Structure formats: structure tokens, C-alpha cells
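The primary structure of each chain is shown beneath.
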Amino acid sequence: MYELAYPWALSLLALPLLMPLLPAYKESRNSVRVPFFDKLVELSEQRPHSGAIILRRDRFQYFLVGFMWVCLVLAAAKPEWVGAPIEQQKSGRDLMIAVDLSGSMGTRDFVLPDGETVDRLQAVKQVLAELANQRAGDRLGLIVFGSASYLQAPFTSDHVVWSKLLAETEIGMAGQSTVFGDAIGLAIKLFKESTSDNRVLIILTDGNDTGSIVPPIDAAKVAAAYNIRIYTIAIGDAASVGEEALDIDTIERVTEITGGESFEALDQQALQRAYHTIAELEPDVYETISFRPRQSLHWLPLCVALIFYTLYHGYRTWHACRVLRSTRDSHAA
């Protein structure tokens, strides 16, 4: 279909109706006054004319002027070709995954369905790879933390790249300790730069906080202020002691403040159940964008006006030359 971007411009079509109200255009020319004007007229056999001559247009000139004005006004109204509506779906949620890479994640206590025993990080990678395949509607980000927290992958809709960056993580690459609170703080900073209103942080850890600049509880309060829901998955044995001991009270308090939930995963199956529960609590969200492609056609009336103008004046020039040539031939004869 076709539309006019500036339909109000069509009101200019009535502007030529005001032309009769304007005075005629006058142009002065040089003249010579002679005392023997009558005698000069008699000898030259010319008839005298009035000093003021009003040029008259022929019918085609009237048509051409009106037609070109219509073309110019139509071009000013900017006709557009409007295509069929096109709908695009984009990610509706920003989902940040924070993975603990402390040394204790190397403990081989997770048994796969085929009976193979793997370390905790390997089990986490397998489940996260499945998660990435299932969250087509979410933008995923990845934070790794140990003695410090680092951004491994910013929010992206390219889940293949995200999975590759996850696969490249190694135990201890962020240090041997566990800065649980700093990981939340880094996630908050990244969510502040996000435009999504659906913000979810999933934290996987197998130890308690050991020296974060911002305590986990305080970080959770800030996250709640930015509408960030935190889900924590405690990996490993809850009865462990030392730096590897799980601070279940802190983990549950963090999730309670932000409106999330906490889970304990002692094996591969429990880890998968935790992700399935999170998937049910946070279903895929899509935002649909609809637009119609537009192509401006203002150049068409301009081209038509230019073609008519060129043809008319080309014809008049050719006709004048022909008359002049004919006159010269008659005088030569």
C-alpha cells in the first residue's frame, strides 16, 4: 500500500488560486525617442505597438505549469510504499550465570547417568550446556569467581559462543577462594547496563564467602532494589567444613531477599532438578517488535516533472530553430 508521510503538504495545491490576486509582472526595457517617429514608421512599413505588452501562455504552457506544480507538491508530501508488517522476536530476559571456580570444584563426587564420575565443574558445565539450548528466548551472561569475580561472557543471544566460553573455564583460573558477595556485586553492575526488566542471576557455589568486599547479604539487598532475582545452587556436601563448608543460612537469606529460591545439589540428578525448577519459575519471555518497511517514492513525481519540462522546452527550441532557418532561406531566395 501507499501512504503520504506529510499529507498536510497537499494543502499547497490551492496556492495557485491566489495568483490572480497578484499584480502582473512588469519588466522595463530601454527605448529610443525620435522626433520623426511617424516618418520612421512609414518608411519601415511597421505598425506601432503599445509600450506595455502582457505575454500570453499557450494552452500547453498552462497545463505544464499546473502539472509541474502538482508534481512538486506531491513530492513534498513524500509518498511512501509501505510493505507488509514484519514481526521480530527478541530476548525478553537477561539471565546471568555465576560459576564458582574455586579449587574445591575439582572434587570428583558427581556421578553421571552412565556411571562415570566427574568433578563438580564438569557436571555444572553439562547441565549449563543443556540450559543454554533450552533458553532460546533469554540473553545469557557468564561470571566466574574464586578469589575475585570476572566477566567471562557479557549478555548475548548467541548461545553457541556463550557455551564455548563456558567450556573454556578451568578450576582455579579465578583463584582458590570464594567471593560470593563480589560475584553478586559484579552481576548488579552488568544488570544496571541492561535494558531488560526481567533480570535473573543463578549462582553455583560449593563454599562459603571468604573475603568479599561486599558481604552477600548487603549485595542481595542492592540486587533486590534493581529487581534482580537470585537463585542459588549449593553444590557438594552440606556437612563439609572449612572454606569448602556451605553457608546454607547465607545462601537462603540471599535468595529470600531477592525473591528467588535456593537449592542443594549433591549429585548430577539433583543439579538437573534444580535447573528444571528454575525453568518452571522463570519461563521463556519474548518481546515482539513489529514494523513495516517503508520506501520513499518522492523522486517519482520529480522525475515526471523534469521529463515534461525537458521535452516541452526541447520542442520549443527545436521549433524556434526551424522557423529561424526557414526565415533565413526565404530571405536568401
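Owing to the predicted nature of the structure, the values given are computational and were not obtained by experimental measurement. Within each chain, residue numbers correspond to sequence positions counted from 1 in written order. Since the coordinates come from a predicted model, pLDDT governs what is reported: local features require at least 70, and pairs of side-chain atoms require 80 or more to be given and counted, while whole-chain, interface and lining totals use all residues. The side-chain numbers reported here are obtained from all heavy atoms of the structure, hydrogens and water having been left aside.

1. Thoughts on the nonpolar core
- In terms of nonpolar packing, the biggest core is built from 34 residues, with Ile97, Ile202, Leu204, Ile233 and Leu271 touching the most fellow members.
- Comment: elements are numbered from the N terminus, with helices defined as DSSP H or I runs of at least four residues and strands as E runs of at least two. Elements represented by at least two residues in this core include exactly β4 (93–100), α3 (120–134), β7 (138–145), α4 (159–167), β9 (199–205), β10 (228–235), β11 (262–265) and α8 (268–281).
- In terms of residue count, the dominant contributor to this core is α3 (seven residues).
- By size, the runner-up hydrophobic cluster in this structure holds 25 residues, among which are Phe145, Phe155, Ile184 and Ala187. Definition used in this section: a nonpolar core is a set of buried Ala, Val, Leu, Ile, Met, Phe, Trp, Tyr and Cys residues joined via side-chain atoms within 4.5 Å. In this scheme, a residue with accessible area under 20% of its type's maximum is buried, one over 50% is exposed, and one in between is partly exposed, where area comes from a 1.4 Å probe on protein chains only.

2. Some words on the side chain of Asp119
- With respect to the helices and strands, the residue Asp119 is situated in the loop between β6 (117–118) and α3.
- In this charge count, Lys and Arg are treated as positive and Asp and Glu as negative; neither His nor the chain ends contribute. In what follows, salt bridge is the name for a side-chain nitrogen of Lys or Arg lying within 4 Å of a carboxyl oxygen of Asp or Glu. Buried charge Asp119 goes without a salt bridge, the closest partner of opposite sign being Arg108 at 4.6 Å.
- Think of a polar contact as two N or O atoms within 3.5 Å of one another; within protein, one of them needs to be a possible hydrogen donor and the other a possible acceptor, and neighboring residues in sequence only count if both atoms come from side chains. Among the polar contacts made by the side chain of Asp119, one reaches the main-chain amide nitrogen of Gln122 at a distance of 2.6 Å.
- Contacts between residues were defined by any pair of non-hydrogen atoms, one from each residue, lying within 4.5 Å. Each residue touching Asp119, except ones within four places of it in the same chain, is listed here: Met105, Gly106, Thr107, Arg108, Phe110 and Ile171.

3. Notes on the sheet that holds strand β2 (residues 79–82)
- Strands were regarded as paired on the criterion that DSSP finds at least two bridges between them. Taken in spatial order, the three strands of this open sheet run β1-β2-β13, and their pairing is antiparallel. With one partner strand each, in any of the chains shown, β1 (2–4) and β13 (294–296) form the two edges of the open sheet. Geometrically, the sheet is characterised by an average inter-axis angle of 35° between neighbouring strands, direction not taken into account.
- Where β1 and β2 come together, three bridges link them in antiparallel fashion. Pairing of Tyr2 across the sheet is with Trp81, part of β2. Lines fitted to C-alpha atoms define the axes here, with helix axes fitted over just the stretch in contact, and angles between the N-to-C directions of these axes take values from 0 to 180 degrees.

4. Details of the sheet that holds β7
- With mixed pairing, six strands are arranged side by side in an open sheet as β8-β7-β4-β9-β10-β11. With partners counted over all chains shown, the strands left at the sheet margins are β8 (149–156) and β11, one partner each. Here the strands of the sheet are splayed against their neighbours by 15° on average, with no regard to which way each runs.
- The pairing of β10 with β11 spans four bridges and is classified as parallel. The partner of Ile233 across the bridge, within β11, is Phe263.

5. Thoughts on the pattern of salt bridges
- Applying the stated rule across the entire model yields five salt bridges.
- For Glu3, the salt bridge identified is with Arg294, shortest N-O distance 3.3 Å. In this pair, Glu3 sits in strand β1 while Arg294 sits in strand β13, placing the two residues 291 residues apart along the sequence.
- Its salt-bridge partner being Glu193, residue Lys189 comes within 3.3 Å of it at the nearest N-O pair.
- Glu193 sits in the exposed class, given a relative accessible area of 57%.
- In this structure, a network of salt bridges that share partners links the residues Glu3, Glu80 and Arg294.

6. Some remarks on the packing of aromatic side chains
- Two aromatic rings, drawn from Phe, Tyr or Trp (for Trp, its six-membered ring), form a pair once their centres lie within 6.5 Å of each other, and the interplanar angle then sorts them: stacked below 30 degrees, edge-to-face above 60, tilted otherwise. The tally for this structure, following the rule as stated, stands at seven aromatic pairs.
- Ring geometry for Phe60 against Phe63: centres 5.8 Å apart, planes inclined by 50°, an arrangement best described as tilted. Within this pair, Phe60 and its partner Phe63 are both found in helix α2 (residues 59–76), separated by three residues, close to a single helical turn.
- On the accessibility criterion, Phe60 (39% relative accessible area) is partly exposed.
- Judged by centre distance (5.6 Å) and plane angle (20°), the rings of Phe63 and Phe67 are stacked. Note that Phe63 and Phe67 are positioned in helix α2 at a spacing of four residues, about one turn of the helix.

7. Thoughts on the packing of helix α6 (residues 216–225) against helix α7 (residues 248–258)
- The N-to-C vectors of α6 and α7 enclose an angle of 15°; their axes lie 8 Å apart at closest approach. Overall, the two elements α6 and α7 adopt an arrangement that is roughly parallel. Pair α6 / α7 crosses with right-handed handedness. Of the residues in α7, those touching α6 at Pro216, Ile217, Ala220, Lys221, Ala223 and Ala224 are Thr250, Arg253, Val254, Ile257 and Thr258.
- Each residue is assigned to one class: nonpolar for Ala, Val, Leu, Ile, Met, Phe, Trp, Tyr, Cys and Pro, charged for Asp, Glu, Lys and Arg, and polar for all the others, Gly among them. Of the residues in the contact of α6 with α7, the class split is seven nonpolar, two polar and two charged. Geometric relationships in this document are graded by angle, where less than 35 degrees denotes roughly parallel, more than 145 denotes roughly antiparallel, 65 to 115 denotes roughly perpendicular, and other angles denote oblique. Left-handed describes a crossing whose near helix is turned anticlockwise from the far helix through less than a right angle; right-handed describes the clockwise counterpart.

Take it as geometry only, folks, not as evidence of what the structure does.
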